[in-house]
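# Geometric and topological summary
One-letter residues, chain by chain:
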Amino acid sequence: MTSERKKALLLMSATFIIGIMIGMLITGMMARRYYRDRNGIRGGKIEMSHGRRGNFVGKILHVVDADSAQARQIKPIVEATMHEIDRLQEQGDRDARMAMDSMKVKLASVLRAEQLEKLEKFISKKRPSGGEREKRERHEKHDRD
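Residues numbered from 1 in each chain as written. Predicted model: local features only at pLDDT ≥ 70, side-chain atom pairs only at ≥ 80, totals over all residues. Heavy atoms only, no water.

### A closer look at the overall build of the chain
Counting its secondary structure elements, the chain contains 6 helices and 0 strands. Along the chain direction, N to C, the helices and strands of the chain fall in the order α-α-α-α-α-α. Within the chain, the proportion of its 145 residues that are buried is 7%. Excluding contacts between residues fewer than 6 apart, the proportion of contacts in the chain whose partners are at least 24 apart in sequence is 25%. Accessible surface computed for the chain: about 12900 Å², of which carbon and sulfur atoms make up 60%. (Helix = DSSP H or I, 4+ residues; strand = E, 2+ residues; numbered from the N terminus. Buried < 20%, exposed > 50% of the residue type's maximum accessible area, 1.4 Å probe, protein only. Contact = heavy atoms within 4.5 Å. Areas by Shrake-Rupley, 256 points an atom, 1.4 Å probe, with all protein chains shown as cover.)

What follows is the structure, encoded as structure tokens:
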């Protein structure tokens, strides 16, 4: 084998290995970004361990930059607000279910049996909550960019 062929083979091998390394680094960076965005940029694992309330309380405390004395006073207020929001959301869900049931009763006289079955199947699907919908929309937008 001539020296030119050895150089060409060595250059092609080096290029191949460097390409593989760059590909692995880019894949790792993209995966890290995906999981960081998914769990939140600041310590998502710590905040998520406390559930939705802990996450919300933590965000409020971070936004207002509360000291420890303020944090003790703020926490019960924020938790009471979360209970009120949960109550309102449950009431809204009940009202929405009642409206959907009313619509089904009204449509029953207009639709055929197979159409009613399709409507029931569509209505009974679990709809994503607002937070889940926002995440999905953000990921779809990110995928398009």
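### Some details on the packing of helix α4 (residues 68-108) against helix α5 (residues 113-124)
Taken N-terminus to C-terminus, the directions of α4 and α5 make an angle of 170°; their axes are 11 Å apart at the nearest point. Considering their axes alone, α4 and α5 lie roughly antiparallel with respect to each other. Residues M100, M103, K104, L107 and A108 of α4 pack against L116, L119, E120 and I123 of α5. Counted by class, the contact of α4 with α5 contains 7 nonpolar, no polar and 2 charged residues. (Axes fitted to C-alpha atoms, helices over the stretch in contact; angles between N-to-C directions. Parallel < 35°, antiparallel > 145°, perpendicular 65-115°, else oblique. Nonpolar A, V, L, I, M, F, W, Y, C, P; charged D, E, K, R; others polar.)

### Comments concerning a nonpolar patch on the surface
Residues F16, I17, I20, M21 and M24 make up a contiguous nonpolar surface patch of roughly 550 Å² in combined accessible area. Take I20: it is sitting in helix α1 (residues 3-39). Here I20 falls in the partly exposed class, since its relative accessible area comes to 38%. (Patch = residues over 30% accessible without salt bridge, like charges linked within 9 Å, V, L, I, M, F, W, Y side chains within 5 Å. Salt bridge = Lys/Arg side-chain N within 4 Å of Asp/Glu carboxyl O.)

### Digging into the confidence of the model for the chain
Averaged over all residues, the pLDDT of the chain equals 81, while 74% of them reach at least 70. Looking at the elements of the chain, mean pLDDT is at its lowest for helix α2 (residues 44-49), recorded as 42, and at its highest for α4, recorded as 91. The low-confidence segment residues 41-50, where pLDDT is below 50, has 8 contacts with residues more than four positions distant or belonging to other chains. (pLDDT = per-residue confidence, 0-100.)

### Quick look at α4
Here α4 is 41 residues long and its end C-alpha atoms lie 59 Å apart, about the 60 Å a rise of 1.5 Å per residue gives. Roughly 30° is the biggest bend found in α4, and it falls at I74, with proline P76 one to four residues downstream. Every buried residue belonging to α4 is among A71, V78, M82, D86 and K104, and all of these are buried. Measuring from the side-chain oxygen of the N-cap residue of α4 to the backbone nitrogen of A69 gives 3.3 Å; that N-cap residue is D67. (Expected span 1.5 Å × (residues − 1). Bend = angle between axes of the 7 residues up to and from the residue. Polar contact = N/O pair within 3.5 Å; in protein donor to acceptor, adjacent residues only side chain to side chain.)

### Considering the environment of E79
You can see E79 is positioned in helix α4. In this structure E79 comes out as partly exposed when scored by relative accessible area, which is 29%. For the pair formed by E79 and F56, sequence separation is 23 residues and the distance between their alpha carbons is 8.9 Å.

### Let's talk about the pattern of salt bridges
What the rule picks out here adds up to 4 salt bridges. Of the charged contacts, one joins R87 and E84 as a salt bridge, the two residues approaching to 2.7 Å between their closest N and O atoms. Of this pair, R87 and E84 both sit in helix α4, 3 residues apart, roughly one helical turn. When its relative accessible area of 43% is taken as the criterion, R87 is described as partly exposed.

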